[in-house]
Amino acid sequence: QVQLVESGGGLVQAGGSLRLSCAASGFTFRAYTMNWFRRAPGKEREFVAGISWSGGSTSYGDSVKGRFTISRDNFKNTVFLQMNSLKPEDTAVYYCNFHRSDRDYWGQGTQVTVSS
């Protein structure tokens, strides 16, 4: 059974940092691109970052480029999102995701709140 469990969210002041983790199980983690998305209240879901199966290729949404870094540990089946220089507009629920066989899998999400 596929499971994605996010952690690391919380309340932080603007300019601060957080590191999110997503622990994966129930599938061959090292074979898949992993992604982070977020959804802010009243807004559409937004792509944040993605990382290839090997970690050799990454991509970022325009709003987080230069501030967020995605990484992965294929031995620990975990993907990370280091978030620096946080802004109030980064406030959202952050979700871990991967796509397999025409289906998207999602975690339960972790809340990030950035105060001004």
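For the structure, check the block above.
Since the structure is predicted, the reported quantities are computational estimates derived from the model, not experimental observations.

**Examining the packing of aromatic side chains**
Inspection of every chain in the model, using the stated rule, returns 8 aromatic pairs. An aromatic cluster is built from Phe27, Phe29, Tyr32, Phe98 and Tyr105, whose rings are joined through pairwise contacts. The ring of Phe80 has Arg19 sitting right over it, with the charged end atom 4.0 Å from the ring centre. The ring of Phe29 has Arg72 lying over it, and the distance from NZ or CZ to the ring centre is 4.4 Å.

**Some thoughts on the state of the cysteines**
Considering all chains together, one arrives at 1 disulfide under this definition. The partner cysteine of Cys22 in its disulfide is Cys96, sulfur to sulfur 2.2 Å. Since a negative S-S torsion denotes a left-handed disulfide, the Cys22-Cys96 link at about -85° is left-handed. With Cys22 in strand β3 (residues 18-25) and Cys96 in strand β9 (residues 92-100), this pair connects stretches of sequence that are 74 residues apart. The class for Cys22 is buried, based on a relative accessible area of 0%. Accessibility expressed as a relative area gives 0% for Cys96, which makes it buried.

**Quick word on the side chain of Thr110**
In this fold, Thr110 is placed in strand β11 (residues 110-115). There is a polar contact of 3.1 Å between the side chain of Thr110 and the backbone nitrogen of Gly9.

**Brief notes about the sheet that holds strand β1 (residues 3-7)**
Pairing between sheet strands relies on hydrogen bonds along the backbone, with the strands arranged either parallel or antiparallel. With antiparallel pairing, 4 strands are arranged side by side in an open sheet as β1-β3-β8-β7. In this open sheet, the two strands that pair with only one neighbour each are β1 and β7 (68-73). With direction set aside, neighbouring strand axes in the sheet form an average angle of 15°. Two elements, β1 and β3, share 5 bridges in a ladder whose sense is antiparallel. Its bridge partner lying in β3, Gln3 is registered against Ser25.

**A look at the nonpolar core**
In terms of nonpolar packing, the biggest core is built from 29 residues, with Leu4, Met34, Trp36, Val79, Leu81, Met83 and Tyr94 touching the most fellow members. Mapped by element, the contributors of at least two residues to this core are β3, β4 (34-39), β5 (46-51), β7, β8 (78-83), β9 and β11. Beyond its immediate stretch of four places on either side in the chain, Met83 contacts Gly16, Ser17, Leu18, Leu20, Arg67, Phe68, Tyr94 and Val112.

About the criteria used
- Residues numbered from 1 in each chain as written.
- Predicted model: local features only at pLDDT ≥ 70, side-chain atom pairs only at ≥ 80, totals over all residues.
- Heavy atoms only, no water.
- Phe/Tyr/Trp six-rings, centres within 6.5 Å; stacked < 30°, edge-to-face > 60°.
- Lys NZ or Arg CZ within 6 Å of the ring centre and 35° of its normal.
- Disulfide = S-S within 2.5 Å.
- Helix = DSSP H or I, 4+ residues; strand = E, 2+ residues; numbered from the N terminus.
- Buried < 20%, exposed > 50% of the residue type's maximum accessible area, 1.4 Å probe, protein only.
- Polar contact = N/O pair within 3.5 Å; in protein donor to acceptor, adjacent residues only side chain to side chain.
- Pairing = 2+ DSSP bridges.
- Axes fitted to C-alpha atoms, helices over the stretch in contact; angles between N-to-C directions.
- Core = buried A, V, L, I, M, F, W, Y, C linked by side-chain atoms within 4.5 Å.
- Contact = heavy atoms within 4.5 Å.

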